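Given next are the chains, with one letter for each unit.
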Amino acid sequence: MSLLRLYTRVLQLLGKEARLGWILAGANLLLAGAQFAEPVLFGRIVDVLSGKPSTGPLAASSACRCWRPGRRSACSP
């Protein structure tokens, strides 16, 4: 039985309290999403406070723009 099917079955069995069940299920999903987002956001805050450039996919794309064939270092004149 899939998790989604189990959730709907339990919420149907709750009857009048199904609204509270849906609210708790939604809050559970939001909490799980926040736990995944927190390390990323905290890392960005630390990067900004330390003055170091971020090392994410956007930083890699800016480094690719500076790269030129035949040059030893990136972004050198």
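Residues numbered from 1 in each chain as written. Predicted model: local features only at pLDDT ≥ 70, side-chain atom pairs only at ≥ 80, totals over all residues. Heavy atoms only, no water.

### Observations concerning the overall build of the chain
- Check the secondary structure of the chain and you find three helices and zero strands.
- Each helix and strand of the chain, ordered N terminal to C terminal, gives the series α-α-α.
- Evaluated residue by residue, the chain yields a buried proportion of 5% over its 77 residues. (Helix = DSSP H or I, 4+ residues; strand = E, 2+ residues; numbered from the N terminus. Buried < 20%, exposed > 50% of the residue type's maximum accessible area, 1.4 Å probe, protein only.)

### Here we look at the confidence of the model for the chain
- The predicted model of the chain averages 76 in pLDDT, with 68% of residues at 70 or higher.
- Throughout residues 60-64 the model reports pLDDT below 50, and contacts reaching past four residues in sequence, or to other chains, amount to zero contacts. (pLDDT = per-residue confidence, 0-100. Contact = heavy atoms within 4.5 Å.)

### Concerning helix α2 (residues 18-50)
- Here α2 contains 33 residues, and its C-alpha end-to-end distance of 48 Å stays within 8% of the 48 Å for a straight helix at 1.5 Å per residue.
- Where α2 bends most, the angle comes to about 35 degrees, and this point is Ala 37, followed within four residues by the proline Pro 39.
- Among the residues of α2, Ala 18, Gly 21 and Ala 25 are the ones counted as buried.
- Summarising the contacts, the buried residues of α2 are in contact with α1 (3-13).
- Gly 51, located one to two residues past α2, shows a positive phi value of around 80 degrees. (Expected span 1.5 Å × (residues − 1). Bend = angle between axes of the 7 residues up to and from the residue.)

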